[in-house]
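# Residue-level structural notes
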Amino acid sequence: MTLLSIENLNAHFHTEDGAVRAVNGIDLNIEEGEKLGLIGETGCGKTVLGLAILRLLSENTKIEGKILYKGKNLLTMSDNEIRKIRGKEIAMIFQNPLSSMNPVLTVGTQVAEPVELHQHLKKQDAMRRVIEMLKSVKIPLPQERVKEYPHEFSGGMRQRAMIAMGLICMPSLIIADEPTTGLDVTIQAQIVELMKEVLRDSGTSMLLITHDLAVASELCDNIAVMYPGEIVEYGSVRDLFKDPKHPYTRGFLNSLPSKGFKPITGTSPSLINLPKGCKFHPRCSLATDKCKIKRPELIKVGKKHYVRCFLYD
Ligand code: SF4
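Residues numbered from 1 in each chain as written. Predicted model: local features only at pLDDT ≥ 70, side-chain atom pairs only at ≥ 80, totals over all residues. Heavy atoms only, no water.

Around the ligand, a shell composed of 13 residues is seen, among which C278, C284, C291, C309 and F310 lie nearest. A breakdown of the residues in the shell around the ligand according to their chemical character gives eleven nonpolar, two polar and no charged. (Near = heavy atom within 4 Å. Nonpolar A, V, L, I, M, F, W, Y, C, P; charged D, E, K, R; others polar.)

Once that is clear, we can look at the layout of surface pockets. Here the largest pocket is characterised by a volume of approximately 650 Å³. Considering the residues around the largest pocket, the lining is formed by 25 residues, among which R86, G87, E113, P114 and L117 are closest to the centre. Of all the secondary structure elements, the ones that give two or more residues to the lining of the largest pocket are α2 (79-85), β6 (90-93), α4 (107-118) and α7 (155-167). With five residues, α4 is the largest single contributor of residues to the lining of the largest pocket. Classifying every residue of the lining of the largest pocket by side-chain character gives twelve nonpolar, eight polar and five charged. (1 Å grid on protein atoms, 1.4 Å probe; cavity = no way out; pocket = protein on both sides within 12 Å on 5 of 7 lines; lining within 4 Å. Points joined across faces, edges and corners; volume = space filled by probe spheres on them. Helix = DSSP H or I, 4+ residues; strand = E, 2+ residues; numbered from the N terminus.)

Let us now look at the side chain of T204. Along the chain, T204 turns up in the loop between α8 (185-202) and β8 (205-210). Among the polar contacts made by the side chain of T204, one reaches the main-chain carbonyl oxygen of P171 at a distance of 3.5 Å. Other than its neighbours up to four places away in sequence, T204 contacts G33, K35, L167, P171, S172, L173, I174 and L199. (Polar contact = N/O pair within 3.5 Å; in protein donor to acceptor, adjacent residues only side chain to side chain. Contact = heavy atoms within 4.5 Å.)

We now examine α4. Every buried residue belonging to α4 is among V107, G108, Q110, V111, A112, P114, V115 and H118, and all of these are buried. Summarising the contacts, the buried residues of α4 are in contact with α2, α5 (123-136), α6 (142-145) and α7. Residue H120 follows α4 closely and has a positive phi angle near 50°. (Buried < 20%, exposed > 50% of the residue type's maximum accessible area, 1.4 Å probe, protein only.)

What follows deals with empty space enclosed by the protein. Which parts of space are left empty comes out when a probe the size of a water molecule is rolled across the atoms. Under the definition given, this model contains one cavity of 30 Å³ or more. Estimates place the volume of the largest cavity at around 30 Å³. In this structure, the largest cavity is lined by Y227, E230, V232, H246, C278, K279, F280, P296 and R308. Taken together, the residues of the lining of the largest cavity break down into five nonpolar, one polar and three charged.

Bringing the sheet that holds strand β2 (residues 18-31) into the picture now. Judged by pairing direction, the sheet is antiparallel, and its four strands sit side by side in the order β2-β1-β4-β5 without closing on themselves. Strand pairing shows two members of the sheet lacking a second neighbour, β2 and β5 (72-73), which therefore form its edges. Taken together, the eleven bridges between strand β1 (residues 2-15) and β2 define a ladder with antiparallel strand orientation. Bridge pairing links T2 to E31 in β2. (Pairing = 2+ DSSP bridges.)

Applying the stated criterion across every chain, the model contains zero disulfides. Looking at the unpaired C44, the closest cysteine sulfur is the one in C278, lying at 14 Å. Unpaired in terms of disulfides, C220 finds its nearest cysteine sulfur in C44, a separation of 15 Å. The exposure class assigned to C220 is buried, which follows from its relative accessible area of 8%. (Disulfide = S-S within 2.5 Å.)

What follows concerns the nonpolar core. Among the nonpolar cores identified, the biggest contains 56 residues, and I163, M195, M206, L208, L219, I223 and Y248 are the most heavily contacted of them. Of all hydrophobic cores here, the second largest spans 40 residues; its members include L28, L36, Y69 and I175. (Core = buried A, V, L, I, M, F, W, Y, C linked by side-chain atoms within 4.5 Å.)

Among the eight residues of helix α1 (residues 46-53), seven are classified as buried, and the element is accordingly described as predominantly covered. Within the span of α1, buried status applies to K46, V48, L49, G50, L51, A52 and I53.

Looking at the element boundaries, T180 is found in the loop between β7 (173-177) and α8. T180 has contacts with Q188, I191, V192 and V215, leaving out every residue within four places of it along the chain.

An order of β6-β7-β8-β3-β9-β10-β12-β11 is seen for the eight strands of this open sheet, with the pairing classed as mixed. Of all strands in the sheet, those with a lone pairing partner are β6 and β11 (299-302), marking the two edges. Going across the sheet, the axis of each strand differs from the next one's by a mean of 20°, ignoring polarity. Across the face of the sheet, α1 comes into contact with β3 (35-39), β6, β7, β8 and β9 (222-227) while running at roughly 145° to β8. (Axes fitted to C-alpha atoms, helices over the stretch in contact; angles between N-to-C directions.)

Next up, the structure:
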């Protein structure tokens, strides 16, 4: 059953330099229990899409389209209704826990916040639940560590605490924004293993926002590849790795260390000044004149495999 359905979503915000067109006509579904990876280079609009789902974008953002959660449009809900969903039904694990956590509150107080707010647990009961959660994300001596402040935790332990905070209300959907960025390789592997385990046990759906294709392939069932503001390819992890279709996806895969670390030439366009036609044409060795004027549609190339490129017209 479909849990979240994003329909023709646009999110643009105004700056002194012009309109930033961060999300342009995105359609995506997340099924119950599905783990979907949203991958792309930094600044391609992935985080804006995650924040749009929870209505956490600044007021100067113009959002159009629909984001249906269990059939109800999150974009037209009252502030009160969306507050009841945030943290309880849909939770977010933010990147960089040190800046996302409050330095003057203990970790226990912060992890307890969602259950106190949504499940109206008394402080003592909430703290008991926090200790259980910290234990489930393998934080040693949780009854002691709840009293510590974020700076007393290592980077990996802070990320575990953020995962505990995200899952404490047992949400239906978790949005994890670069949960392993900034961690060293060993800790990153431990966090990936931990997320696999807790997501499998809880059955929670996930939207994983990452620039790391290797992490997405470990944690996700399906992957949507984003290139400035739009989805250029969508498919199962197997489709994307075995038979990537879009020249950008192929370039992205070739830039992995395991494939020889060949970076894609050129840089991503500014979201203020997007090229006409196919947004990838200035970097694409296969571009034709048509690519420079016309925007390709997302077309079906396999059972659940879609690509936005004229090569498959
Ligand atoms: Fe390259 Fe054209 Fe395909 Fe865009 S539509 S990826 S420019 S071949």
